[in-house]
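# Summary of the model geometry
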Amino acid sequence: MNRASVYSPYQTRKPIFSINFVSKISTLSSSSSSLQTIPNSHATSISNPLYQFLPQTQNPNNIVSIICSALKQQSHHHLSHLQNDLKPLLPHLGGQEISRVLLRFQSEYSSALIFFNWVRTGLGLRLTTQNYCIALHILACSKKFPQAMTLLCELLQLVRDGDAAQKDDIFHSLVVCAEDCNWDPVIFDMLIKAYVKAGMIRDGFICFKKTLEVGFVPSVIACNCLMNGLARLNCLDQCWEVYEDMGRIGIHPNVYTFNILTNVLCKDGDVEKVNAFLDKMEEEGFDPDIVTYNTLISSYCRKGRLGDAFYLYKIMFRRGVMPDLVSYTALMHGLCKQGNVREAHQLFHRMVHRGYYPDIVSYNTLISGYCNEGKLPECKSLLYEMIKNGVYPDDFTCRVVIEGYGKEGKLLSAMNFIVELQKFQVSISRYIYDYLIVALCQENRPFAAKSLLERSSQDGYLPDLDIYNKLIESLCQSNNVTEAQVLKAEMVCKNIKPNLIIYKALINCLCLINRTVEGESFLKEMVESGVPPDTEICRSLIKGYCKERDVAKAESLLRFFATEFQVFDSESYNELIKIFCEDGDMTKLLELQDRMMKVGFSPNSLTFKYAIHGLWKTTRQEKDNLLLD
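These notes cover the structure that comes with them.

Across its full length, the chain holds 33 helices and 0 strands. Sorting the 629 residues of the chain into buried and exposed places 48% on the buried side. Long-range pairs, those at least 24 residues apart, make up 68% of the contacts in the chain between residues at least 6 apart in sequence. A total accessible area of about 31,100 Å² is found for the chain, and carbon and sulfur atoms account for 51% of it.

Right under this line is the structure:
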């Protein structure tokens, strides 16, 4: 991979172009030429010659002078009073007039800012992109960089949220406005950084390219900011492109540049390129610092190359770069990943011995390692140690330990552990309660899950629909339908609408325990609430009524499912056929089959099997009766 060589350091950055660069900027985008005219949609024309006969304070042609006169009095309150006096003239205050006022106060940033904020908040007028750009130039020239950055971020947000068809090119607008007012090239540095800050990394990259095209030389800080953003997005090729452009135009990299690029190479995964780049870094006179080493150690540990990681760890001491908390934690993570938790714990003690205080990440690394090995006593011991040292468990700590108990099948211990944590004022997250309730349901312990739900509700835990689904399903599977119905009523009171899963569990359970009529009442309820039933619900109800020998109701329901919901379930149909066959009444069987075929049911092989069995049973009974006669 070709990497750009690094040129000599620069001192003061001046734009390497004449001020007549607007013609050049117009070539960057065919759509941006429209930005050279100021949009003025909310102001009415002031070219009427009759205006000259009006008093000075009522002449729309004088609106700029009147406002400037008020501003020169250095009174924000005077502007507020002026608002009433200017009421007839305000419809004439448009983008052009606002820009003219701002330009008159280029050297007095405070007055310009007072006016800008008055127009934006006091008058509620919509400022144009050019109004913003002039204000930005004024602030940048006055070295008011924090205010300029705030305003720049606000402008980016407005442009990003605006109509896609009318989005302004902020870079172009800044360049155009530089023709009419004082300006400082630092504003273009700030624009690149503002794009990155707003998460608009690709726009920042485009802005960087435009900056180079018109002859600006960005600072190394802006380049580093952009490269860091690109690296976070995994736009690695663009990262190197920025670096190569830096070398081409003479921007000297610093140690931060090399650390960002080291991280980029680590993401690439090519260790040889990393080593070659470090050699190049040293040739340029930059010694790797703690960030460089930590980046490399973390990368080696992620890739399982612990030998290389510990080699760098030793090299750090030889070069006078002391490993820090990040270095030790990365090495501990690498050891735990390979199952060497005891060695990681020894390294932890070595770190403490050298004067470093473990943080939550260090403790979590070890606790996670022990949990993965099923060594829960060690986990608890570490957890108590961290609390004693003033480091309180976070959500990750609690989740890892609770899941560790779950893997070992020790859910009761997990619940006791939660009680212990609460004694230390440790907050228990929703995820942990969800995990335990689901795990208890999976172990067919719905009452323990329900008890945990009641206890956790006192801590502000609000179960969602999925948790109610699991609990009600688990209760119904153990035939505790009354408790399931209570839970359903509870969720309805909390404005959580029961879904198909809940209705299916309740109906199935009621039909199994010969309470099919109640099951059918839930069918009516779900249909009224807009939840369509499925095949399983049909099957449960038909089987329930057949089991109770209520064939008329079973047939009626089967017809209802077919006509209202187009549910044609062969298994339910055959269940009904089977009842008639067992009774041996072939006349009624054939009549039923005829009625069902008109609805849309078709007999299958099992239907014929039941019918044949019914005929055989009827024939045999007739023969037995003849023999008796």
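For the structure shown, the criterion picks out 26 aromatic pairs. Both rings, one in Phe 258 and one in Phe 286, keep their centres 5.1 Å apart while their planes meet at 50 degrees; by these two values the pair is tilted. With Phe 258 in helix H13 (residues 255-268) and Phe 286 in the loop between helix H14 (271-283) and helix H15 (290-302), this residue pair connects regions lying 28 residues apart in the sequence. Accessibility classification places Phe 258 together with Phe 286 in one group, the buried group. With a centroid separation of 5.6 Å and 80 degrees between ring planes, the pair formed by Phe 560 and Phe 565 is classed as edge-to-face. Following the ring pairs from residue to residue traces out a cluster consisting of Trp 240, Tyr 243, Phe 258, Phe 277 and Phe 286. Positioned over the ring face of Tyr 431 is Arg 399, at 5.5 Å from the centre of the ring.

The axes of two packed helices give the description: the angle between them and the distance between them. The N-to-C vectors of helix H20 (residues 376-388) and helix H22 (residues 411-423) enclose an angle of 10 degrees; their axes lie 12 Å apart at closest approach. In terms of orientation, H20 and H22 fall into the roughly parallel class. For the pair H20 and H22, contact is made by Lys 380, Leu 383 and Tyr 384 and by Phe 417, Glu 420 and Leu 421, respectively. Here the residues of the contact of H20 with H22 sort into 4 nonpolar, no polar and 2 charged.

For the rest of this paragraph, the subject is H15. Taking 1.5 Å as the rise per residue, H15 with 13 residues should run 18 Å; its terminal C-alpha atoms sit 18 Å apart, in good agreement. Counting buried positions along H15 gives 10 out of 13 residues, so the element sits mostly inside the fold. Within H15 the residues assigned to the buried category are Thr 292, Tyr 293, Asn 294, Thr 295, Leu 296, Ile 297, Ser 298, Ser 299, Tyr 300 and Cys 301. Taking the backbone nitrogen of Val 291 as reference, a side-chain oxygen 3.1 Å away marks Asp 289 as the first, capping residue of H15. Of the residues flanking the end of H15, it is Gly 304, one or two places downstream, whose phi is positive at about 80 degrees.

As a further point, take the state of the cysteines. Inspection of every chain in the model, using the stated rule, returns 0 disulfides. Cys 239 supplies the cysteine sulfur nearest to Cys 235, a cysteine that is in no disulfide, at a spacing of 7.9 Å. Overall, the relative accessible area of 9% leaves Cys 235 in the buried class.

All chains considered together, the criterion is met by 26 salt bridges. Measuring nitrogen to oxygen at the nearest pair gives 2.6 Å for the salt bridge that ties Asp 245 to Lys 209. On the criterion of sequence distance, the pair formed by Asp 245 in helix H12 (residues 236-249) and Lys 209 in helix H10 (residues 201-213) is long-range, its members being 36 residues apart. Residue class for Lys 209 comes out partly exposed when judged on its relative accessible area of 22%. When the shortest N-O distance is used, the salt bridge between Glu 520 and Lys 553 registers 3.2 Å.

Relative to the helices and strands, Asn 574 is located in helix H31 (residues 570-583). Discounting residues that sit within four places of it in the chain, Asn 574 has contacts with Asn 604, Leu 606, Thr 607 and Tyr 610.

Turning our attention to a positive patch on the surface. There is a patch of like positive charges on the surface, built from Arg 232, Lys 267, Arg 302, Lys 303 and Lys 337. Inspection of the secondary structure assignment puts Lys 303 in the loop between H15 and helix H16 (306-318). Relative accessible area serves as the criterion here: at 38%, Lys 303 is assigned to the partly exposed category.

Okay, helix H28 (residues 516-528) next. Along its 13 residues, H28 runs 19 Å from first to last C-alpha, staying within 8% of the 18 Å computed at 1.5 Å per residue. Where H28 is concerned, the buried positions are Thr 516, Gly 519, Glu 520, Phe 522, Leu 523 and Met 526. One side of H28 carries all its buried residues, which in axial view fall inside an arc of 155 degrees. Facing away from the buried surface of H28 by more than 90 degrees, the exposed residues are Val 517, Lys 524 and Glu 528. Where the residues of H28 are buried, they touch helix H26 (481-493), helix H27 (500-512), helix H29 (535-547) and helix H30 (551-565). Count one or two residues on from H28 and you reach Gly 530, which has phi positive near 85 degrees.

Calculation rules
Counting from 1, residues in each chain are numbered in the order their sequence is written. Local features are withheld for residues below a pLDDT of 70 in this predicted model, meaning they are given only at 70 or higher, and side-chain atom pairs are given and counted only at 80 or more; totals for whole chains, interfaces and linings count all residues. To get the side-chain values, take all heavy atoms of the structure and skip hydrogens and water. Here a strand is any run of E in DSSP of at least two residues, a helix any run of H or I of at least four, and the numbering for each starts at the N terminus. Each residue's exposure class comes from its accessible area (1.4 Å probe, protein chains only) as a fraction of the maximum for that residue type: buried when under 20%, exposed when over 50%, partly exposed otherwise. Note on definitions: a residue-residue contact is assigned when non-hydrogen atoms from the two residues lie within 4.5 Å. The Shrake-Rupley method, run with a 1.4 Å probe sphere, supplies the accessible areas, and residue values consider only the shown protein chains as cover. Pairing of aromatic rings covers Phe, Tyr and Trp, the last counted by its six-membered ring, and requires centre-to-centre distances within 6.5 Å; plane angles under 30 degrees mean stacked, over 60 mean edge-to-face, and any other angle means tilted. Whether a charge sits over a ring depends on NZ of Lys or CZ of Arg being within 6 Å of the ring centre and within 35 degrees of the ring normal. Axes here refer to lines fitted to C-alpha atoms; in helices the fit is confined to the stretch in contact. Angles between the N-to-C directions go from 0 to 180 degrees. Here is the rule for angles: anything less than 35 degrees is roughly parallel, anything more than 145 is roughly antiparallel, 65 through 115 is roughly perpendicular, and the remaining ranges are oblique. The residue classification treats Ala, Val, Leu, Ile, Met, Phe, Trp, Tyr, Cys and Pro as nonpolar and Asp, Glu, Lys and Arg as charged. All others, Gly included, are polar. To estimate the expected span of a helix, count its residues, drop one, and scale the result by 1.5 Å. Under this definition, polar contacts are N or O atom pairs within 3.5 Å; protein pairs additionally need one hydrogen-donor-capable and one acceptor-capable atom, and for neighbouring residues in sequence, both atoms have to be side-chain atoms. In this description, a disulfide is simply a cysteine sulfur pair whose atoms lie within 2.5 Å. Here a salt bridge means any side-chain nitrogen of Lys or Arg lying within 4 Å of a carboxyl oxygen belonging to Asp or Glu. Residues qualify for a patch when their relative accessible area is over 30% and they have no salt bridge, like charges being joined within 9 Å and the nonpolar side chains of Val, Leu, Ile, Met, Phe, Trp and Tyr within 5 Å. In this charge count, Lys and Arg are treated as positive and Asp and Glu as negative; neither His nor the chain ends contribute. Think of each charge as sitting on NZ of Lys, CZ of Arg, CG of Asp or CD of Glu. Directions are taken from the helix axis to each C-beta atom, and the arc is the one they span.

Without other data, these values stay purely geometric and don't point to any function.
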